[in-house]
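A closer look at the structure
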Amino acid sequence: MQRRDVVKLGAGLTAAAGTVLGTAGTAHAETETATDAQSAARAIKRIWDRQTENAGGTWQGTVTLVDGDGLVTAVDQASTSVQTAASMNKLGIALAVLDKIDRGELALDDRITLTPEIILTGSGFYFHQTAYGDEITVANVLVAMLLVSDNTSVRLCGLVCPPAEINETLAAKGFTDTRVEPNPANPSRMWLGDTTTAESADMLLRLARGELLSASSTQFFLGVLSGLSGYHDGFRREMSSAERSRIAMKYGADDANRNESGVVFGTDGAPVLVYSFMSQFEDHWDNYGATHPAVAAHAKMGRKFLDLADAAGLGGTTALFDPQDHGTGTSGL
């Protein structure tokens, strides 16, 4: 499928963010400091330029700081360029399923039968079972899809919220470029489709601000995305467990594409930074691990971006999320 470079201003986040701060220089110290949102944005831009140049490939990116009621753009690089979303678009699928739950047309405890013919191998855990017939809840499916990126869970979601309905929900919520691709041969099947960094970041920020779903669905969504049993190769790699639990994120990889989007919360539960990275590489197609240059760059940026956000004393006015609820205690096992 030929990719499209969309030359328009993205809705929501990009439009509200303002002017991009800072430009790349020829040399920078390894240590970046910040005292406020403006200096943090300039430092983040320098780090972005340095790390993406070192990694190679083609990049699109959005990084926005939340400063009270305002937004400060740190990175806006080809942010409306429509690219392969890969598993990052599982955010949009989950959003549509949870919106259907909020409308009372579905419930987290509704059950789906896990049949052999629906199993898709290659990611997650359902295909490891080898024996099927389970009656699993919609909640189980969403956790599998968001926490460990299980691909069978996409097919299971399609049984209760078909791709046409997913795209209708995304359109109704103001997303114009984020779409799954329906399978013409089966109305409940889909490919994961396209998105932009502007819309992926906007989705997470609006979710974190309680603007997309009910309070209970928002808590469920963010709780799974910040789970400590999830993906840690990228942005969260060089962090403590407590720091990791402050970041709700989703990773996506397919062939040449390495993508990741997330929202960083302060210790008070208010969002302080939202990011979305997409990149395409001519090589490294078969490396889905932490040594991929893009994923290594995500890790370096994540550590530094979190430190800068904390140093700048950023904080929003909406606190919907308690990172302390997502520990990994083992008492009683």
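Values in this document were obtained by computation on a predicted structure and should not be read as measured data.

On a regular strand, one side chain projects to one face of the sheet and the next to the other, so that they alternate. The buried fraction of strand β9 (residues 247-254) is high, at six of eight residues. Here β9 pairs with strand β10 (residues 257-265) via eight bridges, running antiparallel. Paired with Lys250 across the bridge in β10 is Ser261. Counted along the chain from β9 to the antiparallel partner β10, the turn is two residues long, and its residue Asp255 has a positive phi close to 50°.

Taken as a whole and judged by the stated rule, the model has ten aromatic pairs. An angle of 40° between the planes, with centres 5.7 Å apart, marks the rings of Trp48 and Phe277 as tilted. Residue Trp48 is found in helix α2 (residues 37-55), and its partner Phe277 is found in strand β11 (residues 271-280); the two are separated by 229 residues along the sequence. Of the two residues, Trp48 and Phe277, both sit in the buried class. Summarising the aromatic geometry, the rings of Phe235 and Phe305 are spaced 6.3 Å apart at their centres and angled 65° between planes, so their arrangement reads as edge-to-face. Of the two residues, Phe235 sits in the loop between α8 (215-225) and α9 (241-244) while Phe305 sits in helix α10 (residues 293-311), which places them 70 residues apart along the sequence. For the pair Phe235 and Phe305, one class covers both residues: buried.

With that settled, the discussion passes to the state of the cysteines. Throughout the structure, instances matching the rule amount to zero disulfides. There is no disulfide at Cys161, and the cysteine sulfur nearest it, in Cys157, is 7.8 Å away.

This model, assessed by the stated rule, comprises twelve salt bridges. A salt bridge links Glu105 to Arg103; its shortest N-O distance comes to 3.2 Å. Glu105 gets classed as partly exposed once you look at its relative accessible area, which sits at 48%. Among the residues examined, Arg103 registers a relative accessible area of 38% and is labelled partly exposed.

Turning to the packing of helix α3 (residues 90-102) against helix α5 (residues 152-160), a few remarks are in order. Taken N-terminus to C-terminus, the directions of α3 and α5 make an angle of 30°; their axes are 11 Å apart at the nearest point. Classified by the interaxial angle, the pair formed by α3 and α5 is roughly parallel. The way α3 lies across α5 gives a crossing that is left-handed. Residues Lys90, Ile93, Val97 and Lys100 of α3 form the contact with α5, whose own contacting residues are Val154, Cys157 and Val160. Broken down by class, the residue content of the contact of α3 with α5 amounts to five nonpolar, no polar and two charged.

Conventions we followed
Residues numbered from 1 in each chain as written. Predicted model: local features only at pLDDT ≥ 70, side-chain atom pairs only at ≥ 80, totals over all residues. Heavy atoms only, no water. Buried < 20%, exposed > 50% of the residue type's maximum accessible area, 1.4 Å probe, protein only. Helix = DSSP H or I, 4+ residues; strand = E, 2+ residues; numbered from the N terminus. Pairing = 2+ DSSP bridges. Phe/Tyr/Trp six-rings, centres within 6.5 Å; stacked < 30°, edge-to-face > 60°. Disulfide = S-S within 2.5 Å. Salt bridge = Lys/Arg side-chain N within 4 Å of Asp/Glu carboxyl O. Axes fitted to C-alpha atoms, helices over the stretch in contact; angles between N-to-C directions. Parallel < 35°, antiparallel > 145°, perpendicular 65-115°, else oblique. Left-handed = near helix turned anticlockwise from the far one by under 90°. Contact = heavy atoms within 4.5 Å. Nonpolar A, V, L, I, M, F, W, Y, C, P; charged D, E, K, R; others polar.

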